[in-house]
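Fold and contact review
Residue strings, one per chain:
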Amino acid sequence: MKEQMQVQERTLSKPKMKEKTLHMIGNAHLDPVWLWQWQEGFQETKATFRSVLDLMKEYSDFVFTNSSAANYEWIENNEPEMFEEIKQRIKEGRWEIVGGWWVQPDCNIPGGESFVRQGLYGQRYFQEKFGVTAKVGYNVDSFGHHGMLPQILKKSGMDYYIMMRPSPQEKGLPGRLFWWESDDGSRVLTFRIPFEYCTWGKDLEKHVRRCAGELKAPFNDLMCFYGVGNHGGGPTRENIESIYRLNEDPEFPTLIFSTPNRFFEEISKKDLPFPVVHDDLQHHASGCYSVHSGVKKWNRKAENLLIRAEKFSAIASWITGQKYPQDFDRAWKNVLFNQFHDILAGTCIEEAYEDARDMYGEAMSIASRGLNYAIQSLSWRIDIEKEEGMKPIVVFNPNSWDTKVNIEVEVGGLKDHHILVDEQGNQVPMQLVQSHATANGRFRVSFLADLPSLGYRVYKIVERPSSRTFTTIRANDHLLENDRYRVAFDPETGFIISIFDKIKNLELLDGPAARPVVMKDHSDTWSHNVLQFKDVIGEFKAKSVKLVEHGAVKSVIRVVSEYGKSILVQDFSLYKELNQIDVKATLNWQEKFKVLKLKFPVNIVFRKATYEIPYGHIVRECNGEEEPGQSWIDISGTHPLTGEMYGLSILNDSKYSFDIHDKEMSLTVVRSPIYAHHDPVVPEEDGHYSFIDQGIQTFMYTLLPHEGNWETAGTVKRAAELNQPPVTIIETYHKGTLPQKDSFLSVSADNIIVSVVKKAEDNDDLIVRAYETTNMETKAIITLPKWNRVIEATFKPSEIKTFRVPRDQAKPIVETNLLEWSE
């Protein structure tokens, strides 16, 4: 009797299945490019949207969810009648816009500003065309999600987020629904899709049953996604009919045709105990951050070129009246489209990368033209005196701090008695290095330029006797030594065997460094289910180690090494006046099913490993797992023999994959799987396949040893200087209204970086964007001296702030969100 009563109590206390709800989300995951080129994705978008519109005529309660503004621009330009139908369905509430971005990009590789532009162009497009903006961020197929996304989403008008990867076996989370929080404190309510974002086109019983199994009180509402996807398709009649049938079955929850907006609106009313996750969301496809070096380099270069072009175009438009380019939006849209998660990840078919190359090329051409118009408009108005034989070199600094950087520029007609002076006539060390032209009469000069923040300075090559004697660093075939560091190379291997800090009297390295190590890797293009690349099968061996440049500015040791048929050339530069080692690398890679890493063991204990992520950074474990990162990684800690706080930052201009295992830092240079190879397909041993990253590539990296930690070492700024280097133009003498040295913007705090200066999207105002880099609340003053404008702001830790500066000085500066709208 007692057992009977307990069974009854349990039955009564258990909510009836129909009291639970599955919000059925009809969607069509449209990969515009993957195992097909964009033209096929274009057609499939039209076919999918046509199918959805036809189903809406048959089923009055059927609703549809879709993202990605790029798809709608295709329809608008190619099928305007269909576009009007979609507009009407959106107005009726039956077609819901989610995502708010141009595409569903890779969510680790693009730079921070690219994520801002995804929302800027996506949300403004949706507002202009449909009168709506997305409330829900939506990246269901992206392979990982960096930890600053909550802030970027929130400041782009999206309070919610939907993702699927990593799945539970790849990343444990406390629930399907959770608050996802970034370092500034921004939160978005996030939903991880159960199982799949797409289904087959037939009966949904099995899919609905497994989703229903995820309903756990008090979370009695979840979303269940259905519809044929990847190559489009969307919901089918059989899908819809099976939902009707299953909803009549008492064994199933209540099934409603719904949208993410409705789900989040209803779940938010219930005051549920959502857990908080403060982390990035990794790892699904660890190999995609190192595969296809080409598309990743094009992306980094295009992003930074556009940002530089915008800065000087905006400044020139206000200073000289130079017309601000109208096609920057086209360039950005090209970049944003190619950040689609399969394109930028390197996981598409080979032909897709010819398309990507062309689109990135168009973007970079637009940016280069705009940048050239701007700097030549400014440089032409600089007052430069006449002097026979003088060659004025105007150097523009795109960064928001004073800096000293190496400049190399090709010039003609130099003679032995030419020297370099600054605008005040002070002689500056200048060194001839190998010209990029193998021809008489052309020369390449190297010098260190001291530049004002976001400004320019004029240097001049003049025919005068030298007034100073400049010393060099100590250098031979196996040693580079300046006043701070002694860098030694093994003459047999070519590895760096010592980086010795002469002032702190400590050895940084814990073994041979800049060591090119080859691993075997038979994983697919994504490296599914692979967390580490550690099956070492060999190392590059040096064929030549010798001093190739030696002068008053820098000395360079070139290491040429080989592995199989592959050749790696590394030029290691140490400067007289800079305490960093710049490395120019040229790799001719001829290996298949292999990975190349450059390894750097450091003699540091109590280590903290930090990686740059878009508009931020994250501390990760030193466990050897492959991790995505941006332009720098760092280990800081304690030097065991001296007790000094010390560390090493490694900067790069085009790589995105790293690992840190105990004391050893690794930069993943290249992976060479088959194009678009997806498990479980096993390649035939004697099959003919096209392998990725065969041939020659170039990249730059910098070793930045430092006292203290990366925050005090200037790591963020040094990495930015590598990726957004100064712009030079050789001028002539002419009268002008501008001085020979000037700054257009400065920032009072070292940890605040102005990342963007651009024209506003809707008028001639300036948009100034800045972010805090060290996770520390900071008060800062941003000064624009030419216009008597001052921005005073308090930044939360790791906060991104955007300001609108009206051209009319009588109007106040206002803070906006990332969409350039006042909140």
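Residues numbered from 1 in each chain as written. Predicted model: local features only at pLDDT ≥ 70, side-chain atom pairs only at ≥ 80, totals over all residues. Heavy atoms only, no water.

1. Some words on the layout of surface pockets
Any empty space left between atoms is shown by rolling a water-sized probe over those atoms. Roughly 1700 Å³ of volume is contained in the largest pocket. In terms of lining residues, the largest pocket is bounded by 49 residues, among which E408, R444, K584, M700 and P725 are the most central. It is helix α10 (residues 293–319) that provides the largest number of residues to the lining of the largest pocket, a total of 6 residues. Partitioning the lining of the largest pocket into residue classes produces 18 nonpolar, 15 polar and 16 charged. Computed from the structure, the second largest pocket encloses a volume of approximately 390 Å³. Contributing elements (two or more residues each) for the lining of the second largest pocket: α5 (112–130), α11 (328–337) and β41 (752–759). Among the elements that make up the lining of the second largest pocket, the one with the highest residue count is α5 (6 residues). Tallied by class, the residues present in the lining of the second largest pocket amount to 7 nonpolar, 1 polar and 10 charged. (1 Å grid on protein atoms, 1.4 Å probe; cavity = no way out; pocket = protein on both sides within 12 Å on 5 of 7 lines; lining within 4 Å. Points joined across faces, edges and corners; volume = space filled by probe spheres on them. Helix = DSSP H or I, 4+ residues; strand = E, 2+ residues; numbered from the N terminus. Nonpolar A, V, L, I, M, F, W, Y, C, P; charged D, E, K, R; others polar.)

2. A look at the sheet that holds strand β37 (residues 695–707)
Taken in spatial order, the 9 strands of this open sheet run β25-β26-β27-β28-β37-β34-β33-β30-β31, and their pairing is antiparallel. Of all strands in the sheet, those with a lone pairing partner are β25 (541–550) and β31 (616–620), marking the two edges. Averaged over all pairs of adjacent strands, the angle between their axes in this sheet comes to 20°, without regard to strand direction. Pairing between β25 and strand β26 (residues 554–563): 8 bridges, direction antiparallel. Bridge assignment links E549 to a residue of β26, and that residue is V556. The strands that helix α15 (residues 715–723) touches are β33 (632–638), β34 (645–652) and β37; relative to β34, the one it contacts most, it runs at about 20°. (Pairing = 2+ DSSP bridges. Axes fitted to C-alpha atoms, helices over the stretch in contact; angles between N-to-C directions. Contact = heavy atoms within 4.5 Å.)

3. Brief notes about the packing of helix α3 (residues 69–78) against α5
Closest axis-to-axis distance for the α3/α5 pair is 10 Å, and the angle between their directions is 40°. On the basis of their axis angle, the class for α3 and α5 is oblique. Between α3 and α5 the crossing geometry is left-handed. On α5, the residues touching A69, Y72, E73 and E76 of α3 are G122, Y125, F126, K129 and F130. Tallied by class, residues from the contact of α3 with α5 come to 5 nonpolar, 1 polar and 3 charged. (Parallel < 35°, antiparallel > 145°, perpendicular 65-115°, else oblique. Left-handed = near helix turned anticlockwise from the far one by under 90°.)

4. A word on the pairing of β41
Counting buried positions over the 8 residues of β41 gives 8, a clear majority of the element. Note: β41 against strand β42 (residues 766–772), 7 bridges, orientation antiparallel. From the neighbouring strand, V756 faces β42, where its bridge partner is R769. Where β41 folds back on β42, the antiparallel hairpin that results is connected by 6 residues. (Buried < 20%, exposed > 50% of the residue type's maximum accessible area, 1.4 Å probe, protein only.)

5. Structural notes on the nonpolar core
Membership of the largest hydrophobic core comes to 181 residues, with the highest contact counts inside it found for L22, F62, Y72, W95, I162, F191 and F264. Contact partners of I162, with chain neighbours within four places excluded, come to V136, G137, Y138, N139, V140, F191, I193, M223, F225, P260 and F264. With 52 residues, the next largest nonpolar core counts M148, F489, I604 and L667 among its residues. (Core = buried A, V, L, I, M, F, W, Y, C linked by side-chain atoms within 4.5 Å.)

6. A few points about the packing of aromatic side chains
Throughout the structure, instances matching the rule amount to 44 aromatic pairs. A centroid spacing of 6.5 Å and a plane angle of 85° characterise the contact between Y125 and F130, whose relative ring orientation is edge-to-face. As far as the burial class goes, Y125 and F130 line up, both buried. Plain terms: the ring middles of Y324 and F328 are 5.4 Å apart, the flat faces sit at 85° to each other, and that makes the pair edge-to-face. Taken together, F49, F64, Y72, F83, W95, W102, Y125, F126 and F130 form an aromatic cluster joined through their ring pairs. The aromatic ring of Y611 is capped on one face by R620, whose charged end is 4.7 Å from the ring centroid. (Phe/Tyr/Trp six-rings, centres within 6.5 Å; stacked < 30°, edge-to-face > 60°. Lys NZ or Arg CZ within 6 Å of the ring centre and 35° of its normal.)

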